[in-house]
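A structural walkthrough
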Amino acid sequence: MSRKNKNVTFKTRIGVVSDTHIPKQAPQMPEELLEQLAHVDFIIHAGDFENIDALKDLRRINRVVAVSGNMDLQKVKKEVPKRQVFNVDHYKIGIIHGWGDPHTLPKRMREEFKSDDVDCVVFGHSHQVCNQIIDGVLMFNPGSPTDTIYAHFKSFGILETSPEGITGEIIRLDS
């Protein structure tokens, strides 16, 4: 968004997942998801693995940057922080799981990173997809690849950086 640099050539594809809830919603990560995540540069997980094995499964196929969620067991919470800000190419990405009312979640998560000068905030919690700009920042929730209790379909996301900006895409899963 604000860090456009047309003199530099780069393109990073990031797989984005949240709210996997293993083994409560599914016994393991969906195979279709794992196949697609093997072909990105790295994975972001925005919390609610629940089980440490879900984190390990993702780490077997790719590098993972993750935060913990409200449903994660202590083993997960010891392994990953609650909140992160990191750089990819020339962009700052904030990650947090989220909490509370799903209707106000994107705006509240934007406020959570107001002082961090981020270009994108990745969050989860609501299981509802979000791919919108709020106050100049891409707000991105990939939904859940295992659960449709609060959504019409299972999904994950792809973030892509380029000299023109950072963009998001929601991918529906068939399974």
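Refer to the structure presented above.
Small disclaimer: the values here were computed from a predicted structure and weren't measured.

Quick look at the pattern of salt bridges now. Overall, the coordinates contain nine salt bridges when judged by the stated rule. Close ionic contact of Asp57 with Arg60 constitutes a salt bridge, the shortest N to O distance being 2.4 Å. Note that Asp57 and Arg60 are positioned in helix H2 (residues 52-61) at a spacing of three residues, about one turn of the helix. Several salt bridges share partner residues, and in doing so they unite Lys11, Arg13 and Glu160 into one network.

This next bit is on the sheet that holds strand S1 (residues 12-17). One open sheet holds the five strands; their spatial order is S3-S2-S1-S9-S10, and the pairing between them is mixed. Looking along the sheet, the strands with just one partner apiece sit at the ends: strand S3 (64-66) and strand S10 (165-172). Across the sheet, the axes of successive neighbouring strands diverge by a mean angle of 25°, strand direction being ignored.

Moving on to the pairing of strand S5 (residues 91-96). For S5, the buried fraction is high: five of the six residues fall into the buried class. Pairing analysis gives six bridges linking strand S4 (residues 83-88) to S5, with the strands arranged antiparallel. When the bridges of S5 are listed, Val88 appears paired with Tyr91. The loop that links S4 with its antiparallel partner S5 comprises two residues; one of these, Asp89, has a positive phi angle of about 55°. Relative to strand S6 (residues 120-122), S5 runs parallel, the two being bridged by three bridges. Bridge pairing links Gly94 to Val121 in S6.

Right, let's talk about the layout of surface pockets for a bit. The space that makes up the largest pocket amounts to roughly 260 Å³. For the largest pocket, the lining is made up of 16 residues, of which His21, His125, His127, Ile149 and Tyr150 are closest to its centre. Taken together, the residues of the lining of the largest pocket break down into four nonpolar, seven polar and five charged. Counted as a void, the second largest pocket has a volume near 150 Å³. Contributing to the lining of the second largest pocket are Ser68, Gly69, Asn70, Lys77, Lys82, Ile96, His97, Gly98 and Trp99. Considering only residue class, the lining of the second largest pocket consists of two nonpolar, five polar and two charged.

With that settled, consider the sheet that holds strand S8 (residues 137-141). Backbone-to-backbone hydrogen bonds join strands into a sheet, with any given pair of strands oriented parallel or antiparallel. Strand order in the open sheet formed by five strands is S4-S5-S6-S8-S7, and the pairing between neighbours is mixed. Strand pairing shows two members of the sheet lacking a second neighbour, S4 and strand S7 (130-134), which therefore form its edges. Looking at each pair of strands side by side, their axes are set apart by 20° on average, direction ignored. Relative to S8, S7 runs antiparallel, the two sharing five bridges. Looking across to S8, one finds that Cys130 is bridged to Asn141. The strands that helix H4 (residues 105-112) touches are S4, S5, S6, S7 and S8; relative to S7, the one it contacts most, it runs at about 55°.

Below, the discussion takes up H2. Along H2, the residues that are buried comprise Ile52, Ala54, Leu55 and Leu58. Looking straight down H2, one finds its buried side chains confined to an arc of 160°; they lie on one side. The secondary structure elements touched by the buried residues of H2 are helix H1 (31-37), strand S2 (42-45), S3 and helix H3 (74-79). Between the side-chain oxygen of the N-cap and the backbone nitrogen of Asp53 there are 2.6 Å, and the N-cap of H2 in question is Asn51.

Conventions adopted
Residues numbered from 1 in each chain as written. Predicted model: local features only at pLDDT ≥ 70, side-chain atom pairs only at ≥ 80, totals over all residues. Heavy atoms only, no water. Salt bridge = Lys/Arg side-chain N within 4 Å of Asp/Glu carboxyl O. Helix = DSSP H or I, 4+ residues; strand = E, 2+ residues; numbered from the N terminus. Pairing = 2+ DSSP bridges. Axes fitted to C-alpha atoms, helices over the stretch in contact; angles between N-to-C directions. Buried < 20%, exposed > 50% of the residue type's maximum accessible area, 1.4 Å probe, protein only. 1 Å grid on protein atoms, 1.4 Å probe; cavity = no way out; pocket = protein on both sides within 12 Å on 5 of 7 lines; lining within 4 Å. Points joined across faces, edges and corners; volume = space filled by probe spheres on them. Nonpolar A, V, L, I, M, F, W, Y, C, P; charged D, E, K, R; others polar. Contact = heavy atoms within 4.5 Å. Arc of directions from axis to C-beta. Polar contact = N/O pair within 3.5 Å; in protein donor to acceptor, adjacent residues only side chain to side chain.

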